[in-house]
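Results of the structural survey
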Amino acid sequence: MKNIFLATIIFMMGYTLSAQNALKGQVKNTQNTPLAGVTIISTTNSSTGVSTDENGNFSISLNNPKVIVKYMGFESKTVILKEEFNTIILQENTEDLEEIIVSASREEQKRSEVPGAISVISAKTIEETKAFGIEQIVNQAPGVYMSSSKASGNEQHMMAVRSPISTKSLFLYLEDGLPIRPTAVFNHNALLEMNDVSFGRVEILKGPASSIYGSEAIGGSFNFISKNPTPELQGSLGFEINDLGLSKYSLEASKYTSEKFGIYLGTQYIQRNNGPIEHSDYEKFAVTFKTVYHISPSLTWTNVIDLVDYRSDMSGSLTQEDYEAGNYESDQTFTEREAKAFRFRSTLDKVWNEQNKTSFNFVFRNNEMDQIPSYRIKQFRINGQLTGEGAGEINANSYNSFVGLIQHKKDFNFANSSLIAGATVDFSPQSYVAESIAVTVDPNTGINTGYTLNNGDYILNYDADILNYAGFLQYEITPIENLKITTALRYDRFEYDYNNLLDGQAGPKDSENNYDNFAPKIGFNYNFTNRSGIYANYSNGFTPPQTSTLYRNSYVGVGGEVFDLEPSNYDNYEVGGYFVSEKWKLDAELYILNGKNTLVTLRDENDEYYNANAGKTRSYGIEYGITFKPVPELSLTHNGSFAKHRYIKFYEGGIDYSGTDQQTAPSLLGNTQINYHPQFIKNFSIGLEYELVGKYDTSFENQVDNGDGTFSTATYDGHNIFNLRASYALKHFEIWAHALNIFDTLYSTRASYNQYSKENNYSVGNPRAFHAGIRYKF
């Protein structure tokens, strides 16, 4: 009897052990990349589960082989595991991915863990928008206003995020987390050198981000994340056209050629002829080529090549008389801009183990820009009458950049904490030359009809070596449940070595200019649930003077000492929160941005531009976004901001402008969209968009002399614009149409006061126009 009992026990133990098989496998995404940290849980016993290792591998012992596989940003999946090796592929969840952020730290994290105002323009939103200009994408973010005149085409633009509308270096433009242009070389032109066909996603981090990205990340950082290769061959061939003179051709192709190697190619050619404004033609060719090579499950090598060839007329702004009369004739006939940009980025991402990973980055940039700028053209007058003569310049700017960046992240076993440490160096030798031209003006029409080069009459001719090196740290910790604290600190050093190639003939004498900065940040998130929370932060941002600003300041005579402008420095204080439900998505933030030594560009009575530090400024306001989906096929979104932008301490021309509003700084910005996807028409969508820009001053307060002993302030009344779009997909084809400015409202994308002509100048917006496109997908 005893032997029978013992045999029964042994049999039962053997049966149990055989039933609890150790099942093994690997979890990957659709790009064949192993996923670390994926949770595999038994469907019959939720306490039984494992996570994948750094190579995506797992091993689990179960009585029942049915499991649920979960991973942040991916659709959960129920799988019955087999005794042989299991390969599990997870699909990305578009809605969840909108809550996954990489721009706050160059590492993936949930939106609820970022103590800052960040907006995500997802791949789905980009696809539905069918944008033919970058501004149609980024203006969907609260508090963002990218102004670009489609009437004059050519992608040249101005930007406003927690700041006046300007071309100032207050915004950092990134591709896959790395700056498109080097510091101090007029980074505002970076968006001309982008290929929007390749955008897979855009993340906009508002407020200073200098603690991670360094200088120029003041009002906002725009991270354009490129598309990745797809498992199977996918691509498209597209054509777009509108009655503003623009046509666009695009091609995309993507595929993993093997389990380890994938490629993406995206290219476009745009041309514009005979638009509403004379002399506004342009052409642009852009190509992006990306390869992803999974050398091993823990090592990935990514390479990206961008090539952009751009040429554009520069039509300039309209006078007040022409603007109000609807006369779109340009005074320019020869001003233009040419740009050639080449960028190469190589990145190695290494996962050492569950707690350590490192990213190694190298970037090479080569850039050439030649122009006859319209904003440098002056017409000579005597007693207010045109003389038939004028002046301007031809200039050329080129640089090479060599950039290295290394970033390491370590996760710790206590309080869900992690440390990011990194260092970067950017060496960018630059050359700049500008020669004067004599302009011929038709005194009857005011049109600049031609020019001759004044050979040897140099305005500037110099080389400047720009060296920026930096180190940064970011530490995150969750001391109690639902509370995350983030601290960061970055040190930057800038060294400019300016060599005047025309000593004693033009420009200031040789100079070395150095700038240092420590940029701290501290913030916290407290999440009441996984769908609602609040945050607060303090962050610092700064930007050193651009080389063009520093070495061609009109304050400095030939051979004089460089007028060493101060770096602009900003302190940002912010609180915000978010709430998400099945039908509602809300987010809002309050901020105060205090600026010191804010750089402003002024125009004197001789129609000369010069640069100065503005003492102290303050911008403060509220930004908010609301999305409501009453039914799955209908969504209503409103993004807006209300802000004030003030001079706190500023003197100009002996006049105290302290306590007054800054110019070109609208208090109200808004974008509202209604999108409808009817169930009774499959693959059809229609949307209505409303754009609001509020009234703003174009001059200093009481700068306008009315001629009767009184003074007033020049203003722009703002505008309200409605756009309509629709799209329809049938099998492999997709067609769409946009109706722009459907009420044919006369408006300006930016207006400014010209002290020389004593009136406003306007960058005119587009009249009513229609845009259409067709795409074949394969």
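This text gives an overview of the structure that appears in the document.

The rules behind these values
- Residues numbered from 1 in each chain as written.
- Predicted model: local features only at pLDDT ≥ 70, side-chain atom pairs only at ≥ 80, totals over all residues.
- Heavy atoms only, no water.
- Helix = DSSP H or I, 4+ residues; strand = E, 2+ residues; numbered from the N terminus.
- Rg over C-alpha atoms; globule rule 2.2 N^0.38 Å.
- Contact = heavy atoms within 4.5 Å.
- Areas by Shrake-Rupley, 256 points an atom, 1.4 Å probe, with all protein chains shown as cover.
- Core = buried A, V, L, I, M, F, W, Y, C linked by side-chain atoms within 4.5 Å.
- Buried < 20%, exposed > 50% of the residue type's maximum accessible area, 1.4 Å probe, protein only.
- Phe/Tyr/Trp six-rings, centres within 6.5 Å; stacked < 30°, edge-to-face > 60°.
- Lys NZ or Arg CZ within 6 Å of the ring centre and 35° of its normal.
- Salt bridge = Lys/Arg side-chain N within 4 Å of Asp/Glu carboxyl O.
- Pairing = 2+ DSSP bridges.
- Axes fitted to C-alpha atoms, helices over the stretch in contact; angles between N-to-C directions.
- Patch = residues over 30% accessible without salt bridge, like charges linked within 9 Å, V, L, I, M, F, W, Y side chains within 5 Å.
- Lys, Arg positive; Asp, Glu negative; His and termini not counted.
- Charge placed at Lys NZ, Arg CZ, Asp CG, Glu CD.
- Polar contact = N/O pair within 3.5 Å; in protein donor to acceptor, adjacent residues only side chain to side chain.

Quick word on the overall build of the protein
When helices and strands are tallied, the protein shows seven helices and 51 strands. Relative to a compact globule of 778 residues, whose C-alpha radius of gyration would be 28 Å, the protein shows 29 Å and is just as compact. Expressed along its principal axes, the backbone C-alpha trace of the protein runs to roughly 125 × 60 × 45 Å. Considering only intrachain contacts with a sequence separation of at least 6, the fraction spanning at least 24 residues in the protein is 65%. When the accessible surface of the protein is totalled, it reaches about 33500 Å², and 55% of it is carbon and sulfur.

Here's the deal with the nonpolar core
Membership of the largest hydrophobic core comes to 28 residues, with the highest contact counts inside it found for V138, M159, Y173, V202, F222 and F224. Among the secondary structure elements, those contributing two or more residues to this core are α4 (135-138), β11 (144-148), β12 (157-161), β13 (171-175), β15 (199-206), β16 (220-226) and β33 (584-596). When residues of this core are assigned to their parent elements, the largest contribution, three residues, is made by β15. Discounting residues that sit within four places of it in the chain, V138 has contacts with V144, M146, V202, I204, F222 and F224.

A look at the environment of P630
By secondary structure assignment, the location of P630 is in strand β36 (residues 616-631). Setting aside residues up to four positions removed in sequence, P630 forms contacts with K583 and L636.

Overview of the packing of aromatic side chains
Two aromatic rings are characterised by how far apart their centres lie and by the angle between their planes. Taken as a whole, this structure holds 30 aromatic pairs when the rule is applied. Here Y498 and Y551 contribute two aromatic rings whose centre-to-centre distance is 4.1 Å and whose plane-to-plane angle is 15°, an arrangement assigned as stacked. In this pair, Y498 is assigned in strand β29 (residues 483-500) and Y551 in helix α7 (residues 547-551), connecting sequence segments 53 residues apart. The class for Y551 is buried, based on a relative accessible area of 1%. Note that K130 overlies the ring of W736, its terminal NZ or CZ placed 5.7 Å from the centroid.

Focus on the pattern of salt bridges
The final tally for this structure, using the stated rule, is 33 salt bridges. We note a salt bridge from D661 to K644, for which the minimum N-O separation is 3.5 Å. Taken together, the residues D661 in strand β40 (residues 660-661) and K644 in strand β37 (residues 634-649) connect sequence positions 17 residues apart. A relative accessible area of 24% means that K644 is categorised as partly exposed. Residue E734 is joined to R775 by a salt bridge in which the shortest nitrogen-to-oxygen separation is 3.4 Å. In this pair, E734 sits in strand β48 (residues 733-740) while R775 sits in strand β51 (residues 769-777), placing the two residues 41 residues apart along the sequence. The exposure class of E734 is buried, given its relative accessible area of 9%. Taking relative accessible area as the criterion, R775 reaches 15% and is therefore assigned buried.

A word on the sheet that holds strand β6 (residues 77-80)
Spatially, the four strands line up as an open sheet ordered β3-β2-β5-β6, and their pairing is antiparallel. In the strand order of this sheet, the two ends are held by β3 (49-51) and β6, each with one partner. Neighbour-to-neighbour, the strand axes of the sheet open up by a mean angle of 25°, direction not taken into account.

Quick look at the sheet that holds β15
Here five strands make up an open sheet; going across it, the order is β10-β15-β16-β13-β14 and the pairing mixed. The sheet terminates laterally at β10 (117-121) and β14 (178-179), the two strands that pair on one side only.

Focus: a negative patch on the surface
Judged by side-chain charge, D465, D497, D503, D510 and E512 come together as a negatively charged surface patch. By secondary structure assignment, the location of E512 is in strand β30 (residues 511-529). A relative accessible area of 62% means that E512 is categorised as exposed.

So, the side chain of D426
Looking at where D426 falls in the secondary structure, it is placed in strand β27 (residues 418-441). Among the polar contacts made by the side chain of D426, one reaches the side chain of S428 at a distance of 2.7 Å. Contact partners of D426, with chain neighbours within four places excluded, come to P182, R365, S401, F402, V403, I466, L467 and N468.

Considerations on the side chain of S727
As for its placement among the helices and strands, S727 is situated in strand β47 (residues 719-730). A distance of 2.9 Å separates a polar atom in the side chain of S727 from a polar atom in the side chain of S685. Setting aside residues up to four positions removed in sequence, S727 forms contacts with K130, N683, F684, S685, I735 and W736.

Re the environment of I68
Here I68 shows up in strand β5 (residues 66-70). Overall, I68 belongs to the partly exposed group, its relative accessible area being 28%. Expressed as a C-alpha distance, the spacing of I68 and S42, which sit 26 residues apart in the sequence, is 6.4 Å. Residues in contact with I68, not counting those within four places in the same chain, are T39, I40, I41, T43, K77 and T78.

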